[in-house]
Amino acid sequence: MTESNVTAFKSTAPDRVCIIGAGPSGLVAARQLRYAGIPFDIYEKHSAVGGIWDPENEGSPIYRTCHFISSRYTSGFNGYPMPASFPDYPSWRHILGYIRDFAAKEGLDKLVQFNSRVEQAELQPDGSWLVTANGQARHYRALIAAPGVTWHPNVPKLAGQDRFTGEIRHSSTYYDSAEFSGKRVLIVGAGNSGVDIACDAANSAEAAFISFRRGYRFVPKHIFGVTLDVFSNYGGKPPAGFVLPEDLDQLLDGIVGDVTKLGIAKPDHKALESHPIVNDQIVHYLRHGDIKAKPDIARLEGRDAIFVDGTREAIDLIVLATGYDYRLPFLDESLFEWKDNHPSLYLNIFNRNVDSLYVVGFIEFADAAYRHFEAMAQLIAMDLSLAGAQKEEFRRMKREHRPDLRGGHKYIDTPRHATYVDIHTYCDILDEVRAKFSQPSLEERYGRFAT
Ligand SMILES: Cc1cc2nc3c(=O)[nH]c(=O)nc-3n(C[C@H](O)[C@H](O)[C@H](O)COP(=O)(O)OP(=O)(O)OC[C@H]3O[C@@H](n4cnc5c(N)ncnc54)[C@H](O)[C@@H]3O)c2cc1C
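Residues numbered from 1 in each chain as written. Predicted model: local features only at pLDDT ≥ 70, side-chain atom pairs only at ≥ 80, totals over all residues. Heavy atoms only, no water.

Engineer: How would you explain helix H6 (residues 248-256) if you had to name every residue and give the values?
Structural biologist: Buried residues of H6: Asp249, Leu251, Leu252 and Val256, and no others. Down the axis of H6, the smallest arc covering the buried residues is 160°, so these residues share one side. Set apart from the buried face of H6 by more than 90 degrees, the exposed residues are Gln250 and Gly254. At its buried positions, H6 is contacted by strand E11 (218-219), strand E12 (222-223) and helix H7 (281-287). Count one or two residues on from H6 and you reach Gly257, which has phi positive near 95°. (Buried < 20%, exposed > 50% of the residue type's maximum accessible area, 1.4 Å probe, protein only. Helix = DSSP H or I, 4+ residues; strand = E, 2+ residues; numbered from the N terminus. Arc of directions from axis to C-beta. Contact = heavy atoms within 4.5 Å.)

Given below as C-alpha coordinates:
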(Lines give C-alpha, C1' and ligand atoms only; values in the text may rest on other atoms or scores of the structure.)
Protein backbone atom coordinates (compact mmCIF):
# COMPACT_ATOMS: atom_id res chain seq x y z
CA MET A 1 0.00 0.00 0.00
CA THR A 2 1.79 3.19 -1.23
CA GLU A 3 1.60 6.24 1.06
CA SER A 4 0.12 8.27 -1.83
CA ASN A 5 -3.10 6.30 -2.30
CA VAL A 6 -3.49 5.70 1.47
CA THR A 7 -3.34 9.46 1.82
CA ALA A 8 -5.90 9.75 -0.97
CA PHE A 9 -8.33 7.58 0.94
CA LYS A 10 -7.65 9.25 4.29
CA SER A 11 -9.11 12.50 3.00
CA THR A 12 -12.25 10.87 1.57
CA ALA A 13 -13.90 9.09 4.57
CA PRO A 14 -12.79 10.23 8.00
CA ASP A 15 -16.28 10.24 9.54
CA ARG A 16 -17.55 6.96 8.22
CA VAL A 17 -17.89 3.72 10.15
CA CYS A 18 -16.98 0.32 8.69
CA ILE A 19 -19.35 -2.63 9.19
CA ILE A 20 -17.96 -6.07 8.34
CA GLY A 21 -20.64 -8.62 7.39
CA ALA A 22 -24.14 -8.39 5.90
CA GLY A 23 -25.72 -11.18 7.91
CA PRO A 24 -28.46 -10.35 10.46
CA SER A 25 -25.95 -8.67 12.84
CA GLY A 26 -24.42 -6.43 10.18
CA LEU A 27 -27.87 -5.48 8.85
CA VAL A 28 -29.24 -4.40 12.23
CA ALA A 29 -26.00 -2.52 12.94
CA ALA A 30 -26.54 -0.64 9.66
CA ARG A 31 -30.17 0.11 10.57
CA GLN A 32 -29.12 1.53 13.96
CA LEU A 33 -26.30 3.67 12.50
CA ARG A 34 -28.61 5.01 9.83
CA TYR A 35 -31.22 5.83 12.47
CA ALA A 36 -28.53 7.75 14.41
CA GLY A 37 -27.44 9.57 11.23
CA ILE A 38 -23.96 7.99 11.26
CA PRO A 39 -22.49 7.35 7.77
CA PHE A 40 -21.14 3.85 7.17
CA ASP A 41 -20.03 1.28 4.61
CA ILE A 42 -20.88 -2.42 4.81
CA TYR A 43 -18.47 -5.02 3.45
CA GLU A 44 -19.72 -8.50 2.59
CA LYS A 45 -17.50 -11.27 1.20
CA HIS A 46 -20.48 -13.04 -0.40
CA SER A 47 -22.58 -11.83 -3.35
CA ALA A 48 -25.78 -11.29 -1.35
CA VAL A 49 -27.11 -10.62 2.16
CA GLY A 50 -28.19 -13.47 4.42
CA GLY A 51 -25.12 -14.60 6.31
CA ILE A 52 -24.94 -18.31 7.08
CA TRP A 53 -28.51 -18.83 5.84
CA ASP A 54 -27.29 -18.84 2.24
CA PRO A 55 -25.65 -22.24 1.63
CA GLU A 56 -24.02 -20.69 -1.45
CA ASN A 57 -21.99 -18.49 0.90
CA GLU A 58 -18.73 -20.42 0.94
CA GLY A 59 -18.20 -22.13 4.32
CA SER A 60 -21.85 -21.77 5.39
CA PRO A 61 -22.71 -24.47 7.98
CA ILE A 62 -26.27 -24.80 6.68
CA TYR A 63 -27.52 -28.25 5.61
CA ARG A 64 -30.55 -29.14 3.51
CA THR A 65 -32.81 -30.13 6.44
CA CYS A 66 -31.83 -27.18 8.66
CA HIS A 67 -34.64 -25.34 10.46
CA PHE A 68 -34.69 -22.59 13.04
CA ILE A 69 -34.79 -23.74 16.67
CA SER A 70 -36.53 -20.52 17.74
CA SER A 71 -40.03 -20.12 16.38
CA ARG A 72 -41.44 -17.66 13.85
CA TYR A 73 -43.37 -15.97 16.69
CA THR A 74 -40.18 -14.77 18.44
CA SER A 75 -37.47 -14.74 15.78
CA GLY A 76 -38.23 -11.68 13.67
CA PHE A 77 -36.37 -8.38 13.50
CA ASN A 78 -37.84 -5.53 15.57
CA GLY A 79 -40.93 -4.19 13.87
CA TYR A 80 -40.77 -6.84 11.15
CA PRO A 81 -42.52 -10.01 12.36
CA MET A 82 -42.07 -13.20 10.36
CA PRO A 83 -45.00 -13.88 7.98
CA ALA A 84 -47.97 -15.81 9.38
CA SER A 85 -47.60 -18.05 6.34
CA PHE A 86 -44.33 -19.38 7.80
CA PRO A 87 -44.39 -22.71 9.65
CA ASP A 88 -43.80 -22.61 13.41
CA TYR A 89 -40.13 -23.45 12.79
CA PRO A 90 -39.03 -21.98 9.46
CA SER A 91 -36.53 -23.75 7.24
CA TRP A 92 -33.29 -22.08 6.12
CA ARG A 93 -35.01 -21.16 2.84
CA HIS A 94 -37.71 -19.26 4.73
CA ILE A 95 -35.07 -17.54 6.88
CA LEU A 96 -32.92 -16.55 3.92
CA GLY A 97 -35.93 -15.13 2.07
CA TYR A 98 -37.05 -13.31 5.21
CA ILE A 99 -33.61 -11.73 5.83
CA ARG A 100 -33.47 -10.60 2.20
CA ASP A 101 -36.98 -9.15 2.34
CA PHE A 102 -36.05 -7.26 5.50
CA ALA A 103 -32.88 -5.90 3.91
CA ALA A 104 -34.78 -4.85 0.77
CA LYS A 105 -37.65 -3.27 2.71
CA GLU A 106 -35.15 -1.29 4.78
CA GLY A 107 -33.10 -0.44 1.68
CA LEU A 108 -30.03 -1.91 3.39
CA ASP A 109 -29.06 -4.33 0.62
CA LYS A 110 -28.32 -1.36 -1.65
CA LEU A 111 -25.74 -0.11 0.86
CA VAL A 112 -23.67 -3.31 0.89
CA GLN A 113 -20.40 -3.73 -1.00
CA PHE A 114 -20.69 -7.35 -2.07
CA ASN A 115 -17.87 -9.69 -3.01
CA SER A 116 -15.70 -7.61 -0.70
CA ARG A 117 -13.92 -9.71 1.88
CA VAL A 118 -12.18 -7.53 4.47
CA GLU A 119 -8.68 -8.93 4.47
CA GLN A 120 -7.28 -6.56 7.08
CA ALA A 121 -8.42 -3.84 9.44
CA GLU A 122 -5.50 -1.98 10.99
CA LEU A 123 -5.85 0.21 14.05
CA GLN A 124 -4.21 3.57 13.48
CA PRO A 125 -2.40 5.55 16.19
CA ASP A 126 -5.33 8.03 16.36
CA GLY A 127 -7.82 5.22 17.02
CA SER A 128 -9.16 5.20 13.46
CA TRP A 129 -9.01 2.23 11.10
CA LEU A 130 -7.45 1.41 7.73
CA VAL A 131 -9.62 -1.28 6.18
CA THR A 132 -8.43 -3.30 3.18
CA ALA A 133 -10.72 -5.26 0.88
CA ASN A 134 -10.12 -6.26 -2.75
CA GLY A 135 -6.68 -4.67 -2.44
CA GLN A 136 -8.22 -1.27 -1.72
CA ALA A 137 -7.70 0.50 1.61
CA ARG A 138 -10.16 2.93 3.14
CA HIS A 139 -10.05 4.94 6.30
CA TYR A 140 -12.76 4.79 8.98
CA ARG A 141 -13.40 6.38 12.35
CA ALA A 142 -14.68 3.12 13.85
CA LEU A 143 -15.06 -0.57 13.11
CA ILE A 144 -18.06 -2.83 13.74
CA ALA A 145 -17.17 -6.49 13.26
CA ALA A 146 -20.25 -8.65 12.50
CA PRO A 147 -18.59 -11.60 10.72
CA GLY A 148 -20.60 -14.32 12.48
CA VAL A 149 -19.44 -17.09 14.80
CA THR A 150 -19.85 -20.23 12.71
CA TRP A 151 -17.17 -19.84 10.03
CA HIS A 152 -14.10 -21.31 11.75
CA PRO A 153 -14.71 -25.02 12.48
CA ASN A 154 -13.33 -26.44 15.70
CA VAL A 155 -11.69 -29.69 14.51
CA PRO A 156 -10.47 -31.79 17.46
CA LYS A 157 -7.84 -34.47 16.82
CA LEU A 158 -9.12 -37.97 17.58
CA ALA A 159 -6.73 -40.52 19.09
CA GLY A 160 -5.55 -42.93 16.41
CA GLN A 161 -7.07 -40.91 13.56
CA ASP A 162 -3.86 -41.22 11.51
CA ARG A 163 -4.49 -44.95 11.30
CA PHE A 164 -8.24 -44.62 10.69
CA THR A 165 -9.24 -45.96 7.26
CA GLY A 166 -12.53 -44.08 7.14
CA GLU A 167 -13.24 -40.43 6.38
CA ILE A 168 -13.37 -37.66 9.01
CA ARG A 169 -14.90 -34.26 8.29
CA HIS A 170 -16.46 -31.34 10.14
CA SER A 171 -20.24 -30.83 10.09
CA SER A 172 -19.73 -27.51 8.24
CA THR A 173 -18.90 -29.57 5.12
CA TYR A 174 -22.14 -31.57 5.37
CA TYR A 175 -25.20 -30.62 3.31
CA ASP A 176 -27.30 -33.55 2.17
CA SER A 177 -28.21 -36.95 3.69
CA ALA A 178 -27.38 -38.62 0.36
CA GLU A 179 -23.77 -38.23 1.54
CA PHE A 180 -24.54 -40.92 4.14
CA SER A 181 -26.07 -43.47 1.80
CA GLY A 182 -24.51 -46.95 2.12
CA LYS A 183 -22.16 -45.79 4.89
CA ARG A 184 -21.74 -46.51 8.58
CA VAL A 185 -21.80 -43.00 10.01
CA LEU A 186 -20.72 -41.70 13.40
CA ILE A 187 -21.73 -38.18 14.50
CA VAL A 188 -19.50 -36.69 17.18
CA GLY A 189 -21.18 -33.96 19.25
CA ALA A 190 -24.74 -33.37 20.36
CA GLY A 191 -25.35 -29.68 19.81
CA ASN A 192 -28.34 -28.64 17.72
CA SER A 193 -26.54 -29.22 14.42
CA GLY A 194 -25.14 -32.53 15.67
CA VAL A 195 -28.52 -34.00 16.54
CA ASP A 196 -30.11 -32.63 13.36
CA ILE A 197 -27.42 -34.28 11.24
CA ALA A 198 -27.70 -37.46 13.32
CA CYS A 199 -31.41 -37.58 12.42
CA ASP A 200 -30.45 -37.31 8.74
CA ALA A 201 -28.01 -40.20 9.25
CA ALA A 202 -30.70 -42.23 11.04
CA ASN A 203 -32.80 -41.83 7.93
CA SER A 204 -30.26 -42.55 5.25
CA ALA A 205 -27.07 -44.23 6.50
CA GLU A 206 -26.32 -47.96 6.42
CA ALA A 207 -25.86 -47.65 10.18
CA ALA A 208 -25.84 -44.53 12.35
CA PHE A 209 -24.26 -43.70 15.68
CA ILE A 210 -23.99 -40.54 17.77
CA SER A 211 -21.26 -40.08 20.35
CA PHE A 212 -22.09 -38.10 23.50
CA ARG A 213 -19.35 -36.77 25.76
CA ARG A 214 -21.93 -36.17 28.53
CA GLY A 215 -25.63 -36.64 29.24
CA TYR A 216 -27.99 -34.00 27.85
CA ARG A 217 -31.73 -33.36 27.90
CA PHE A 218 -33.60 -32.91 24.65
CA VAL A 219 -36.16 -30.16 24.60
CA PRO A 220 -39.30 -30.69 22.49
CA LYS A 221 -40.14 -27.96 19.96
CA HIS A 222 -43.78 -27.85 21.11
CA ILE A 223 -45.35 -28.17 24.55
CA PHE A 224 -49.11 -28.77 24.39
CA GLY A 225 -48.93 -27.68 20.74
CA VAL A 226 -47.37 -24.32 21.64
CA THR A 227 -43.84 -23.56 20.46
CA LEU A 228 -41.29 -24.04 23.19
CA ASP A 229 -40.07 -20.42 23.24
CA VAL A 230 -43.57 -18.95 23.42
CA PHE A 231 -44.56 -21.48 26.11
CA SER A 232 -41.46 -21.03 28.24
CA ASN A 233 -40.62 -17.34 27.70
CA TYR A 234 -43.99 -15.73 27.05
CA GLY A 235 -46.31 -17.17 29.68
CA GLY A 236 -47.56 -20.41 28.05
CA LYS A 237 -50.32 -22.13 30.11
CA PRO A 238 -51.10 -25.87 30.19
CA PRO A 239 -54.63 -26.95 29.14
CA ALA A 240 -57.19 -27.19 31.95
CA GLY A 241 -56.66 -30.16 34.23
CA PHE A 242 -52.94 -30.33 33.66
CA VAL A 243 -50.64 -29.46 36.58
CA LEU A 244 -47.03 -28.83 35.62
CA PRO A 245 -44.08 -29.22 37.97
CA GLU A 246 -42.29 -25.92 38.71
CA ASP A 247 -38.93 -27.56 38.06
CA LEU A 248 -38.04 -27.50 34.33
CA ASP A 249 -35.87 -30.63 34.61
CA GLN A 250 -38.79 -32.51 36.13
CA LEU A 251 -41.06 -31.26 33.35
CA LEU A 252 -38.65 -32.27 30.57
CA ASP A 253 -37.84 -35.63 32.14
CA GLY A 254 -41.59 -36.14 32.50
CA ILE A 255 -42.35 -35.23 28.88
CA VAL A 256 -39.36 -36.88 27.16
CA GLY A 257 -38.77 -39.71 29.62
CA ASP A 258 -35.59 -41.31 30.93
CA VAL A 259 -32.85 -40.85 28.28
CA THR A 260 -30.50 -43.24 30.07
CA LYS A 261 -32.64 -46.07 28.65
CA LEU A 262 -31.41 -44.88 25.25
CA GLY A 263 -27.77 -45.41 26.17
CA ILE A 264 -27.18 -41.76 27.03
CA ALA A 265 -25.53 -40.82 30.34
CA LYS A 266 -27.73 -39.23 32.99
CA PRO A 267 -27.48 -35.45 32.45
CA ASP A 268 -24.85 -34.08 34.86
CA HIS A 269 -26.35 -30.58 34.84
CA LYS A 270 -29.70 -28.80 34.96
CA ALA A 271 -31.45 -28.11 31.67
CA LEU A 272 -30.87 -24.35 31.86
CA GLU A 273 -27.17 -24.81 32.57
CA SER A 274 -26.39 -25.62 28.94
CA HIS A 275 -27.61 -24.33 25.57
CA PRO A 276 -30.90 -26.15 24.92
CA ILE A 277 -30.92 -28.96 22.36
CA VAL A 278 -34.26 -28.21 20.75
CA ASN A 279 -35.15 -31.37 18.85
CA ASP A 280 -38.12 -33.75 18.86
CA GLN A 281 -36.75 -36.31 16.41
CA ILE A 282 -33.52 -37.65 17.92
CA VAL A 283 -35.35 -39.45 20.74
CA HIS A 284 -37.76 -40.89 18.16
CA TYR A 285 -34.89 -42.33 16.06
CA LEU A 286 -33.08 -43.62 19.15
CA ARG A 287 -36.26 -45.35 20.32
CA HIS A 288 -36.70 -46.89 16.84
CA GLY A 289 -33.11 -48.13 16.73
CA ASP A 290 -32.42 -46.09 13.60
CA ILE A 291 -29.45 -44.56 15.42
CA LYS A 292 -27.45 -45.77 18.42
CA ALA A 293 -26.08 -43.62 21.22
CA LYS A 294 -22.44 -44.08 22.09
CA PRO A 295 -20.28 -42.50 24.79
CA ASP A 296 -17.07 -40.59 24.02
CA ILE A 297 -14.56 -42.02 21.54
CA ALA A 298 -11.47 -43.57 23.18
CA ARG A 299 -9.53 -44.09 19.94
CA LEU A 300 -9.76 -45.04 16.29
CA GLU A 301 -8.16 -48.21 14.96
CA GLY A 302 -8.28 -49.27 11.32
CA ARG A 303 -11.94 -49.03 10.34
CA ASP A 304 -13.15 -49.09 13.95
CA ALA A 305 -14.13 -46.49 16.48
CA ILE A 306 -13.52 -47.71 20.03
CA PHE A 307 -15.58 -45.99 22.71
CA VAL A 308 -14.73 -45.30 26.36
CA ASP A 309 -17.11 -48.11 27.42
CA GLY A 310 -14.92 -50.57 25.47
CA THR A 311 -17.42 -51.18 22.68
CA ARG A 312 -16.32 -50.74 19.06
CA GLU A 313 -18.10 -50.11 15.75
CA ALA A 314 -16.87 -50.27 12.17
CA ILE A 315 -17.24 -46.73 10.77
CA ASP A 316 -16.86 -45.33 7.24
CA LEU A 317 -17.53 -41.65 7.96
CA ILE A 318 -17.09 -39.57 11.10
CA VAL A 319 -18.84 -36.18 11.14
CA LEU A 320 -17.39 -33.82 13.73
CA ALA A 321 -20.31 -31.66 14.93
CA THR A 322 -17.83 -30.08 17.31
CA GLY A 323 -18.72 -26.44 16.90
CA TYR A 324 -16.75 -23.40 15.88
CA ASP A 325 -14.06 -21.07 17.16
CA TYR A 326 -14.82 -17.39 17.52
CA ARG A 327 -12.34 -15.67 15.21
CA LEU A 328 -11.65 -12.18 13.85
CA PRO A 329 -8.93 -13.01 11.34
CA PHE A 330 -8.92 -9.56 9.69
CA LEU A 331 -7.92 -7.97 13.00
CA ASP A 332 -4.85 -8.11 15.18
CA GLU A 333 -6.50 -10.50 17.63
CA SER A 334 -4.15 -9.36 20.42
CA LEU A 335 -6.34 -6.25 20.59
CA PHE A 336 -8.70 -8.47 22.59
CA GLU A 337 -8.42 -10.28 25.88
CA TRP A 338 -9.36 -13.90 25.12
CA LYS A 339 -11.07 -16.44 27.41
CA ASP A 340 -11.74 -20.02 26.23
CA ASN A 341 -11.08 -18.97 22.62
CA HIS A 342 -13.63 -16.16 22.92
CA PRO A 343 -12.86 -12.43 22.91
CA SER A 344 -13.80 -10.94 26.27
CA LEU A 345 -15.89 -7.83 25.53
CA TYR A 346 -17.79 -5.33 27.69
CA LEU A 347 -21.46 -6.45 27.45
CA ASN A 348 -20.18 -8.85 24.74
CA ILE A 349 -20.10 -5.81 22.44
CA PHE A 350 -17.34 -3.30 23.30
CA ASN A 351 -13.58 -3.76 23.20
CA ARG A 352 -12.58 -2.45 26.63
CA ASN A 353 -9.28 -0.96 25.43
CA VAL A 354 -10.02 0.27 21.90
CA ASP A 355 -12.84 2.77 21.95
CA SER A 356 -13.59 2.57 18.24
CA LEU A 357 -13.82 -1.24 18.04
CA TYR A 358 -17.18 -3.01 18.31
CA VAL A 359 -18.49 -6.55 17.77
CA VAL A 360 -22.07 -7.73 17.14
CA GLY A 361 -23.25 -11.37 17.30
CA PHE A 362 -20.43 -12.78 19.48
CA ILE A 363 -22.80 -13.95 22.20
CA GLU A 364 -24.85 -17.00 23.13
CA PHE A 365 -28.21 -17.23 24.91
CA ALA A 366 -31.38 -19.32 24.93
CA ASP A 367 -33.62 -17.08 22.84
CA ALA A 368 -34.16 -15.87 19.26
CA ALA A 369 -31.25 -13.58 18.38
CA TYR A 370 -32.18 -10.80 15.97
CA ARG A 371 -34.02 -8.42 18.34
CA HIS A 372 -31.19 -8.76 20.82
CA PHE A 373 -28.51 -8.21 18.18
CA GLU A 374 -30.27 -4.93 17.38
CA ALA A 375 -30.31 -3.89 21.05
CA MET A 376 -26.54 -4.46 21.03
CA ALA A 377 -26.20 -2.38 17.83
CA GLN A 378 -28.28 0.42 19.34
CA LEU A 379 -25.73 0.84 22.14
CA ILE A 380 -22.95 1.02 19.56
CA ALA A 381 -24.77 3.80 17.71
CA MET A 382 -25.28 5.47 21.09
CA ASP A 383 -21.55 5.32 21.91
CA LEU A 384 -20.64 6.68 18.46
CA SER A 385 -23.02 9.60 19.06
CA LEU A 386 -21.95 10.44 22.62
CA ALA A 387 -19.62 13.38 23.27
CA GLY A 388 -18.06 15.24 26.17
CA ALA A 389 -18.75 14.04 29.72
CA GLN A 390 -21.17 11.35 28.59
CA LYS A 391 -18.54 9.94 26.20
CA GLU A 392 -16.02 9.92 29.06
CA GLU A 393 -18.52 8.25 31.38
CA PHE A 394 -19.23 5.46 28.89
CA ARG A 395 -15.49 5.06 28.24
CA ARG A 396 -15.05 4.61 32.00
CA MET A 397 -17.84 2.00 32.06
CA LYS A 398 -16.17 0.05 29.25
CA ARG A 399 -13.04 -0.11 31.38
CA GLU A 400 -14.55 -0.79 34.78
CA HIS A 401 -18.16 -1.94 34.67
CA ARG A 402 -18.29 -5.76 34.94
CA PRO A 403 -21.90 -6.75 35.55
CA ASP A 404 -22.79 -10.46 35.92
CA LEU A 405 -24.52 -11.05 32.57
CA ARG A 406 -25.61 -14.46 33.79
CA GLY A 407 -27.70 -13.23 36.70
CA GLY A 408 -26.07 -15.81 38.98
CA HIS A 409 -26.91 -18.70 36.62
CA LYS A 410 -24.26 -21.42 36.36
CA TYR A 411 -23.43 -22.87 32.91
CA ILE A 412 -21.45 -26.00 32.04
CA ASP A 413 -17.78 -25.27 31.45
CA THR A 414 -17.45 -25.73 27.70
CA PRO A 415 -16.03 -23.25 25.13
CA ARG A 416 -19.52 -22.78 23.72
CA HIS A 417 -20.68 -21.33 27.05
CA ALA A 418 -17.76 -18.90 27.41
CA THR A 419 -19.92 -15.94 26.26
CA TYR A 420 -23.24 -17.40 27.41
CA VAL A 421 -25.60 -15.01 29.13
CA ASP A 422 -28.98 -15.27 30.82
CA ILE A 423 -31.05 -13.37 28.28
CA HIS A 424 -33.44 -11.76 30.78
CA THR A 425 -30.54 -10.48 32.92
CA TYR A 426 -28.70 -9.33 29.81
CA CYS A 427 -31.70 -7.38 28.48
CA ASP A 428 -32.19 -5.71 31.88
CA ILE A 429 -28.54 -4.59 31.95
CA LEU A 430 -28.69 -3.24 28.38
CA ASP A 431 -31.91 -1.41 29.31
CA GLU A 432 -30.18 0.17 32.34
CA VAL A 433 -27.25 1.36 30.22
CA ARG A 434 -29.59 2.64 27.50
CA ALA A 435 -31.74 4.51 30.07
CA LYS A 436 -28.64 5.99 31.74
CA PHE A 437 -27.85 7.76 28.46
CA SER A 438 -31.53 8.59 27.75
CA GLN A 439 -31.83 6.38 24.68
CA PRO A 440 -35.38 5.38 23.63
CA SER A 441 -36.19 1.65 23.72
CA LEU A 442 -36.41 -0.23 20.43
CA GLU A 443 -40.07 -0.94 21.22
CA GLU A 444 -40.72 2.81 21.27
CA ARG A 445 -39.15 2.93 17.81
CA TYR A 446 -40.48 -0.27 16.18
CA GLY A 447 -43.53 -1.12 18.25
CA ARG A 448 -44.05 -3.70 20.99
CA PHE A 449 -42.81 -7.16 20.23
CA ALA A 450 -45.77 -9.55 20.44
CA THR A 451 -45.80 -13.36 20.03
C1 LIG B 1 -27.66 -24.59 12.58
C2 LIG B 1 -27.96 -23.22 13.16
C3 LIG B 1 -29.24 -22.95 13.65
C4 LIG B 1 -29.53 -21.67 14.15
N5 LIG B 1 -30.80 -21.42 14.58
C6 LIG B 1 -31.10 -20.16 15.00
C7 LIG B 1 -32.43 -19.89 15.46
O8 LIG B 1 -33.30 -20.73 15.46
N9 LIG B 1 -32.70 -18.61 15.87
C10 LIG B 1 -31.75 -17.62 15.88
O11 LIG B 1 -32.06 -16.49 16.27
N12 LIG B 1 -30.47 -17.87 15.47
C13 LIG B 1 -30.14 -19.12 15.07
N14 LIG B 1 -28.85 -19.39 14.70
C15 LIG B 1 -27.79 -18.39 14.96
C16 LIG B 1 -27.32 -17.67 13.72
O17 LIG B 1 -26.01 -17.50 13.99
C18 LIG B 1 -27.99 -16.43 13.52
O19 LIG B 1 -29.23 -16.75 13.08
C20 LIG B 1 -27.40 -15.46 12.50
O21 LIG B 1 -27.22 -16.00 11.26
C22 LIG B 1 -26.14 -14.82 12.99
O23 LIG B 1 -26.00 -13.66 12.20
P24 LIG B 1 -24.61 -12.90 12.05
O25 LIG B 1 -24.88 -11.77 11.12
O26 LIG B 1 -24.05 -12.60 13.37
O27 LIG B 1 -23.65 -13.95 11.40
P28 LIG B 1 -23.68 -14.68 10.01
O29 LIG B 1 -25.02 -15.14 9.64
O30 LIG B 1 -22.58 -15.67 10.11
O31 LIG B 1 -23.26 -13.54 8.95
C32 LIG B 1 -21.96 -12.97 8.97
C33 LIG B 1 -21.68 -12.39 7.58
O34 LIG B 1 -20.36 -11.82 7.59
C35 LIG B 1 -19.72 -12.13 6.35
N36 LIG B 1 -18.28 -12.05 6.59
C37 LIG B 1 -17.55 -12.82 7.43
N38 LIG B 1 -16.24 -12.45 7.39
C39 LIG B 1 -16.16 -11.43 6.50
C40 LIG B 1 -15.08 -10.60 6.02
N41 LIG B 1 -13.82 -10.77 6.45
N42 LIG B 1 -15.35 -9.64 5.10
C43 LIG B 1 -16.64 -9.46 4.66
N44 LIG B 1 -17.70 -10.21 5.06
C45 LIG B 1 -17.46 -11.17 5.98
C46 LIG B 1 -20.23 -13.54 6.03
O47 LIG B 1 -20.10 -13.82 4.65
C48 LIG B 1 -21.70 -13.45 6.48
O49 LIG B 1 -22.50 -13.01 5.44
C50 LIG B 1 -28.52 -20.66 14.20
C51 LIG B 1 -27.22 -20.95 13.73
C52 LIG B 1 -26.95 -22.21 13.20
C53 LIG B 1 -25.57 -22.50 12.71
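Engineer: Help me get a handle on the side chain of Glu313, residues and values and all.
Structural biologist: Examined against the element boundaries, Glu313 turns out to sit in strand E18 (residues 312-314). For Glu313, a relative accessible area of 17% gives the class buried. Excluding its chain neighbours within four sequence positions, the residues that come into contact with Glu313 are Arg184, Phe209, Lys294, Arg303, Asp304, Ala305 and Phe307.

Engineer: Residues and numbers for the pattern of salt bridges, please.
Structural biologist: Counted under the stated rule, the structure contains 36 salt bridges. Here Lys436 and Glu393 are joined by a salt bridge, their closest N and O atoms 3.3 Å apart. With Lys436 in helix H10 (residues 423-436) and Glu393 in helix H9 (residues 388-400), this pair connects stretches of sequence that are 43 residues apart. Salt bridges sharing partners connect three or more residues here, namely Asp355, Asp383, Lys391, Glu392, Arg395 and Lys398. (Salt bridge = Lys/Arg side-chain N within 4 Å of Asp/Glu carboxyl O.)

Engineer: Account for the site of the ligand, naming residues and giving values.
Structural biologist: Around the ligand, 30 residues are found, and the nearest of them are Ser25, Glu44, Ile69, Trp151 and Tyr370. Contact distances for the ligand include 2.6 Å between an oxygen atom and a side-chain N or O atom of Glu44. Ser70 places a side-chain nitrogen or oxygen 2.8 Å from a nitrogen atom of the ligand. When the ligand is considered free in solution it has 990 Å² of accessible area, and contact with the protein chains removes 91% of it. Elements with a contribution of two residues or more to the shell around the ligand: helix H2 (24-35) and helix H8 (370-385). Grouping the constituent residues of the shell around the ligand by class yields 18 nonpolar, nine polar and three charged. (Near = heavy atom within 4 Å. Polar contact = N/O pair within 3.5 Å; in protein donor to acceptor, adjacent residues only side chain to side chain. Areas by Shrake-Rupley, 256 points an atom, 1.4 Å probe, with all protein chains shown as cover. Nonpolar A, V, L, I, M, F, W, Y, C, P; charged D, E, K, R; others polar.)

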